[in-house]
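Each chain, written out:
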Amino acid sequence: MDKNSNLYTFIYASILVILVALVLSFTAITLSPMQQRNIEVEKKQNILTSVSIESSFENAEELFSNYIKESFLVDVKGNKKSGDAFLTDLKKEMSKDLEDRNFPVYIAEKDNKKNIIIPLLGKGLWGPLWGYISLEKDCNTIFGAVFDHKAETPGLGADINKEWFEKPFTGKKLFDKKGNFISITVYKGGKGAAKIAGDLEHGVDAISGGTITSKGLEDMVKDCMKNYEEFLKKSKIN
Amino acid sequence: MDPKNKKLLTNPINIDNPITIQVLGICSALAVTVKLEPAVVMSISVLFVLAFANVIISLLRNTIPSRIRIIVQLVIIAFLVILVDQVLKAFLYDVSKQLSVFVGLIITNCIIMGRLEAFALANKPFPAFLDGLGNSAGYGIILIIVAFFRELLGSGTVWEIQVIPNFVYEMGYQNNGLMILPPMALIVVGIIIWIQRAKTPELIEN
């Protein structure tokens, strides 16, 4: 057949595309259970890291069932609701009306110390950001934080998942002394920027060269924590 | 090895380097060279994709209709990249998390299209394979050299390990913040080109 004829070109393109599509969809379907499991284990590892429990890929599921004693959903008014927190998709909840949203909460218990763990979801420069923040029993002081991202710039914004960025969140407070919700502010200007701004209670240093990611992270913490404000205030009294 | 084949492998590393001589793939050289680790991951992924895309295109070279050859090349590149990504997500999840950022970058890397168009379409599979290896090695070497200096001077680390001792910082030394911004990658590449041209007589123009 003439290689330059329209028919040949058309058939060639169709066969090539169908072949490639078949191979790719076959691979995607066969590998999907394994990929799904990796994502679940990673989620469990992240939750454990937020309360300073080291885990490996192999023991994450066991540790998770040992330490995460309770998980439930709350609405924006702070009332408990039934449902599986682990399977709740925060992204879907965010697209609902504010009153209908259910927010997952996990309670970790280690050495008789309880910590509340709250999942976060937000936007960075190139894609979604997410993370977990665990709180002391006063429901105000941050006990630990872990963040991750899909596609932030390597070496710059991508460093939000590094320990040196996450560590300074520990000990920061969400509410001021009067009980107003303040959240955490990320200060631009390199190492010590929060100190220079005089905001050691609620401030951490941003990443140099990763300003948009840092700001996105600040918004994420603020917006997500705002949803739990009522729940945290109620839990404090108990 | 046949000297002609050997040249396919060694030329792109020096006198026909895709970055410093052909000036291809500059965007990714700017984007992923802030730290050494992503630069190495990127180099390995380009090596895989380029070598196999070259072989596949070379095998198909007599059947591809010339009017849609660019589209065929793109389909093959995208196919390989997605395949690698899927397999890594299932078996090497940690690596895949680092790589996911680069998937888009690999598809748009002009070295790959350039080699498919210039070499694989006109040569047998084995030389095409060698050409792919050589060019991605030439690309990788420059990436790694640039990333080494940018990480060392910009963050004071090599492969995330601190190499500049603390007392140097106490004496007033500071990391050069400019090194982590893209313009410095261009300047480092420029310096490499300068050194390479000064050292290689074949490249000196009148």
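Residues numbered from 1 in each chain as written. Chains lettered and ligands numbered in written order. Predicted model: local features only at pLDDT ≥ 70, side-chain atom pairs only at ≥ 80, totals over all residues. Heavy atoms only, no water.

**Some thoughts on the overall build of chain A**
Working step 1: What chain A contains, in helices and strands, is seven helices and eight strands.
Working step 2: Relative to the compact-globule value of 18 Å for 238 residues, chain A shows a C-alpha radius of gyration of 22 Å, a clear excess of over 25%.
Working step 3: When the backbone C-alpha atoms are referred to their principal axes, chain A occupies close to 80 × 45 × 40 Å.
Working step 4: Counting only residues that meet the buried cut, chain A has 48% of its 238 residues in that class.
Working step 5: Counting only contacts in chain A whose residues sit at least 6 apart along the sequence, the fraction spanning at least 24 positions is 52%.
Working step 6: Accessible area of chain A: about 12,600 Å², with a carbon and sulfur share of 57%.
Working step 7: Side chains of chain A carry 33 positive and 33 negative charges; the gap between the two charge centres is 3 Å. (Helix = DSSP H or I, 4+ residues; strand = E, 2+ residues; numbered from the N terminus. Rg over C-alpha atoms; globule rule 2.2 N^0.38 Å. Buried < 20%, exposed > 50% of the residue type's maximum accessible area, 1.4 Å probe, protein only. Contact = heavy atoms within 4.5 Å. Areas by Shrake-Rupley, 256 points an atom, 1.4 Å probe, with all protein chains shown as cover. Lys, Arg positive; Asp, Glu negative; His and termini not counted. Charge placed at Lys NZ, Arg CZ, Asp CG, Glu CD.)

**Brief notes about the pairing of strand β4 (residues 113-123) of chain A**
Residues and elements named next belong to chain A.
Working step 1: Pairing between strand β3 (residues 103-110) and β4: five bridges, direction antiparallel. Looking at β4, one finds that Glu-109 is bridged to Lys-114.
Working step 2: Linking β3 back to β4 in an antiparallel pair, the connection comprises two residues, with Asp-111 at a positive phi of about 50°.
Working step 3: As paired elements, β4 and strand β5 (residues 128-135) share eight bridges and run antiparallel to each other. The partner of Pro-119 across the bridge, within β5, is Tyr-132.
Working step 4: Between β4 and β5, which pair antiparallel one after the other, the connecting turn spans four residues. (Pairing = 2+ DSSP bridges.)

**Considerations on the side chain of Gln-73 of chain B**
All names here are of chain B.
Working step 1: Mapped onto the secondary structure, Gln-73 falls in helix α4 (residues 69-91).
Working step 2: Look at Gln-73 and you get buried, because its relative accessible area is 0%.
Working step 3: There is a polar contact of 2.9 Å between the side chain of Gln-73 and the side chain of Glu-117.
Working step 4: In contact with Gln-73, other than residues within four places in its own chain, are Ile-57, Met-113, Leu-116, Glu-117 and Leu-121. (Polar contact = N/O pair within 3.5 Å; in protein donor to acceptor, adjacent residues only side chain to side chain.)

**Side note on the interface of chain B and chain A**
Working step 1: Between chain B and chain A, the contact holds 30 residues from the first and 30 residues from the second.
Working step 2: Of the roughly 2,500 Å² buried between chain B and chain A, counting both surfaces, carbon and sulfur atoms make up 66%.
Working step 3: Put simply, chain B and chain A have two salt bridges between them.
Working step 4: The residue Glu-160 of chain B makes a salt bridge to Lys-162 of chain A at a minimum N-O spacing of 3.4 Å.
Working step 5: Joining chain B to chain A, the criterion identifies eleven residue pairs in polar contact (both at pLDDT 80 or more).
Working step 6: Among the elements of the structure, α3 (36-60), α4 and α5 (93-108) of chain B are those that each provide at least two residues to the side of chain B that touches chain A.
Working step 7: Looking at the side of chain B that touches chain A, the element that brings in the most residues is α4 of chain B, giving eleven residues.
Working step 8: Within the side of chain B that touches chain A, the residues separate by chemical class into 19 nonpolar, five polar and six charged. (Buried area = accessible area lost by both parts, 1.4 Å probe. Salt bridge = Lys/Arg side-chain N within 4 Å of Asp/Glu carboxyl O. Nonpolar A, V, L, I, M, F, W, Y, C, P; charged D, E, K, R; others polar.)

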